[in-house]
Amino acid sequence: MKKVCSFFLALTLMCSLVACGGSGTEKTPESTAPADAASTNSGSGYAGGEYKLMASSHVAQEELASIYMANFCDLVEERSEGKITFDRFYSSQIANQAESAEGLKVGTMDVAINDWPSMSSVNGFSKGDVMALGYLFNSFDHVKAFAASDDYAQMCQELIDQCGIRCLAVGASGFRQVATKNAPITSIDDFQGLRIRVPDISIYVNTFQALGCATTIVANSEVYTALQTGIVDSVENPVQGIYNMSWYEQLNYINETNHIFCDIDLFINEEKFQSLDKEAQAVLMECAKEASGQNLEMTEEKNDEYIKLCEEAGCKYSTFDTAPIVDVMKSQVWPAYFAAVDGGEELVNRILALA
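Throughout what follows, the structure given in this document is the object of discussion.

1. Some thoughts on the overall build of the protein chain
Reasoning step 1: Of regular secondary structure, the protein chain possesses 14 helices and 13 strands.
Reasoning step 2: With 355 residues in all, the protein chain has 50% of them scored as buried.
Reasoning step 3: Within the protein chain, residue pairs in contact and separated by at least 24 positions form 75% of the contacts whose partners lie at least 6 positions apart.
Reasoning step 4: Summed over all atoms, the accessible surface of the protein chain reaches about 16,000 Å², with 50% contributed by carbon and sulfur.

2. Points about the packing of helix H13 (residues 323-340) against helix H14 (residues 344-352)
Reasoning step 1: Two elements in contact, H13 and H14, have axes separated by 7 Å at closest approach and are oriented at 125°. Here H13 is positioned oblique relative to H14, judged by the angle of their axes. Residues Trp 334, Tyr 337 and Phe 338 of H13 pack against Gly 344, Glu 345, Leu 347, Val 348 and Leu 352 of H14.
Reasoning step 2: Its residues assigned to classes, the contact of H13 with H14 shows six nonpolar, one polar and one charged.

3. Overview of the nonpolar core
Reasoning step 1: Residues Trp 116, Met 119, Val 130, Met 131, Leu 133, Phe 146 and Phe 191 are the most contacted members of the largest nonpolar core, which totals 57 residues.
Reasoning step 2: Of all the elements, H13 adds the most residues to this core, at seven residues.
Reasoning step 3: By size, the runner-up hydrophobic cluster in this structure holds 30 residues, among which are Phe 72, Leu 75, Ile 84 and Ile 113.

4. Digging into unusual backbone geometry
Reasoning step 1: Phi at Ser 92 takes a positive value of approximately 60°, unusual for a residue other than glycine.
Reasoning step 2: Of note, Ser 92 is situated in the loop between strand E2 (84-89) and helix H4 (97-106).
Reasoning step 3: Backbone geometry places Ser 246, a non-glycine residue, at a positive phi of 65°.
Reasoning step 4: Assignment of secondary structure puts Ser 246 in the loop between helix H10 (239-244) and strand E10 (253-256).

5. Notes on the sheet that holds strand E8 (residues 214-217)
Reasoning step 1: Ordered by their spatial adjacency, six strands build an open sheet running E8-E7-E9-E6-E10-E13, and the pairing between neighbours is mixed. Edge positions in the sheet fall to E8 and strand E13 (316-319), since each has one partner strand and no second. The average angle at which neighbouring strand axes cross in this sheet is 30°, direction not considered.

6. Notes on the environment of Thr 85
Reasoning step 1: Note on placement: Thr 85 falls in strand E2.
Reasoning step 2: Linking Thr 85 and Glu 50, residues 35 residues apart in sequence, is a C-alpha distance of 8.2 Å.
Reasoning step 3: Thr 85 has contacts with Tyr 51, Lys 52, Leu 53 and Glu 77, leaving out every residue within four places of it along the chain.
Reasoning step 4: Separated by 3.5 Å, the side chains of Thr 85 and Lys 52 make a polar contact.

7. Describing the sheet that holds strand E3 (residues 111-114)
Reasoning step 1: Here we have five strands laid out as an open sheet, ordered E2-E1-E3-E12-E4, and mixed in their pairing. This sheet does not close on itself; its edge strands, each paired only once, are E2 and strand E4 (165-169). Shown here is a sheet whose adjacent strand axes are inclined to one another by a mean of 30°, direction ignored.
Reasoning step 2: Here helix H7 (residues 150-163) sits on the sheet in contact with E4 and strand E12 (265-269), set at roughly 150° to E4.
Reasoning step 3: Here helix H12 (residues 278-312) sits on the sheet and contacts strand E1 (51-56), E2, E4 and E12; the angle it forms with E4, its principal contact strand, is near 55°.

8. Focus: the pattern of salt bridges
Pairs can form between side chains of opposite charge whenever their charged atoms are close.
Reasoning step 1: The tally for this structure, following the rule as stated, stands at eleven salt bridges.
Reasoning step 2: Because the salt bridges share partners, they merge into one network encompassing Asp 74, Glu 77 and Arg 88.

9. A short note on the packing of aromatic side chains
Reasoning step 1: Evaluation of the coordinates by the stated rule reveals twelve aromatic pairs.
Reasoning step 2: Ring geometry for Trp 116 against Tyr 152: centres 5.8 Å apart, planes inclined by 75°, an arrangement best described as edge-to-face. Here Trp 116 is found in helix H5 (residues 116-121), whereas its partner Tyr 152 is found in helix H7, with 36 residues between them in sequence.
Reasoning step 3: Centre to centre, the rings of Phe 137 and Phe 146 are 5.9 Å apart; their planes meet at 40°, and the pair counts as tilted. Considered together, Phe 137 and Phe 146 belong to a single accessibility category, that of buried residues.
Reasoning step 4: Each residue in the set Trp 116, Phe 125, Phe 137, Phe 140, Phe 146, Tyr 152, Phe 175, Phe 261 and Phe 267 is aromatic and connected to the rest through ring pairs, giving one cluster.

10. Here's the deal with the side chain of Glu 279
Reasoning step 1: With respect to the helices, strands and loops of the structure, Glu 279 is situated in helix H12.
Reasoning step 2: Buried charge without a partner: Glu 279 forms no salt bridge, and the closest opposite charge is Lys 83, 8.1 Å away.

11. Focus: the state of the cysteines
Reasoning step 1: All told, the structure shown has zero disulfides when counted by the stated rule.
Reasoning step 2: For Cys 310, which is in no disulfide, the shortest distance to another cysteine sulfur is to Cys 315 and amounts to 5.5 Å.
Reasoning step 3: Exposure remark for Cys 310: the relative accessible area of 1% places this residue in the buried category.

12. Comments concerning the pairing of E8
Reasoning step 1: Summarising the sheet, strand E7 (residues 195-198) and E8 pair through four bridges and their orientation is parallel. Residue pairing for E8: Ile 196 is matched across the bridge by Thr 215.
Reasoning step 2: You can see the chain leave E7, run along helix H8 (residues 202-210) and come back into E8, and the turn it takes is right-handed.

About the thresholds
- Residue indices begin from 1 for each chain and proceed along its sequence in written order.
- Selection of residues for local features in this predicted model requires a pLDDT of at least 70, selection of side-chain atom pairs for listing and counting requires 80 or more, and totals for whole chains, interfaces and linings are taken over all residues.
- The side-chain numbers reported here are obtained from all heavy atoms of the structure, hydrogens and water having been left aside.
- Strands here are runs of E lasting at least two residues and helices are runs of H or I lasting at least four, both read from the DSSP assignment and numbered beginning at the N terminus.
- Here's how the labels work: a residue is buried when its accessible area is under 20% of the maximum for its type, exposed when over 50%, partly exposed in between, all with a 1.4 Å probe on protein chains only.
- Contacts are assigned to residue pairs that have any heavy atoms within 4.5 Å of one another.
- Residue exposure ignores everything except the shown protein chains as possible cover, and the areas themselves are Shrake-Rupley values with a 1.4 Å probe.
- Only C-alpha atoms enter the line fits that serve as axes; for helices the fit covers just the stretch in contact. Angles between N-to-C directions range over 0 to 180 degrees.
- Angles are sorted into four bins: roughly parallel if under 35 degrees, roughly antiparallel if over 145, roughly perpendicular if 65 to 115, and oblique for all others.
- Each residue gets one label: Ala, Val, Leu, Ile, Met, Phe, Trp, Tyr, Cys and Pro are nonpolar, Asp, Glu, Lys and Arg are charged, and the others, such as Gly, are polar.
- Take the buried Ala, Val, Leu, Ile, Met, Phe, Trp, Tyr and Cys residues and link them wherever side-chain atoms come within 4.5 Å; each set so joined is a nonpolar core.
- Two strands qualify as a pair provided DSSP detects at least 2 bridges between them.
- Whenever two N or O atoms come within 3.5 Å, that pair is a polar contact, provided that in protein one can donate a hydrogen and the other can accept it, and provided that, for residues adjacent in sequence, both atoms are side-chain atoms.
- Note on definitions: salt bridges are taken to be side-chain nitrogens of Lys or Arg within 4 Å of carboxyl oxygens of Asp or Glu.
- The pairing test for Phe, Tyr and Trp rings, Trp by its six-membered ring, is centres within 6.5 Å, and the orientation test on the planes gives stacked under 30 degrees, edge-to-face over 60, and tilted for anything in between.
- In this tally, Asp and Glu contribute negative charge and Lys and Arg positive charge; neither His nor the terminal groups of the chain are included.
- Any cysteine sulfur atom paired with another within 2.5 Å is treated as part of a disulfide.
- If the strands point away from the viewer and the path from the first strand over the helix to the second runs clockwise, then the crossover is right-handed.

So, in structure tokens, the structure goes:
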């Protein structure tokens, strides 16, 4: 009788353990959540892992590029319920633009705001210069059409394969204008000998040297002093940058050229991205896409506001005939790109067809 009782007691305990999960050895790990889980949970039920990432912007915190990065970080932290967090750095605190581009490649940088021309100038990804070809893009809608194209998707994959860098989403600071200190630009002839500051990016240097300018490479953080001391007497930048960096204080004229669309994008080191579980990856991709939409809308909407602010501060905003400049870009700068990039001319023609 005792043996029978012992048998039923053991059976009862076994059933109880199974019903309660026993030792829990069959529980599915959090990191095996499906990749698209984050796209449907709207911020609730995140089951991915916990990560702390570093995010860097080379421009001031109030600039549109930094706002873009901050919105992305905020969205990720919210959707992951605080499990994915960021240490955020602005104004080249840990890396200037060139150092940031290099860091994304070698793995010393997790996430950073940067641009495609830097992927070319710093990391040797020549195809990326297409984003800064003078007068290739004529509107924000044109840029958005390219960003949604198979060609752009292929360019992103090639960047991963060649440099180990993933572009999470495209963004913008706006179309670039030329601002001058001493006199307005009234024709292409006024570019001859113009001492202009350019970033340390080859396509920008080549663009203004083709116009006959005396180019000087100056870091973003040193431009104000360069203008103040007369090292340069002009800059080229989106109007929001001219205002937010206070360069307008040393300038008198903003000349509408719209010569280059200034992309500013979210990049992540691919090895770091692959170290995240699938749900965390999905959250980053989803939030980057959402922050990108916010950035493009804000940049386009605020352009006139920044022009007005510069005018109220004493700068004169003017227009002139840029057709001769377009001709120089197409006859000198574009062919150099075609020669450097296999299939570059065909790519440019497909982009033009998207307008």
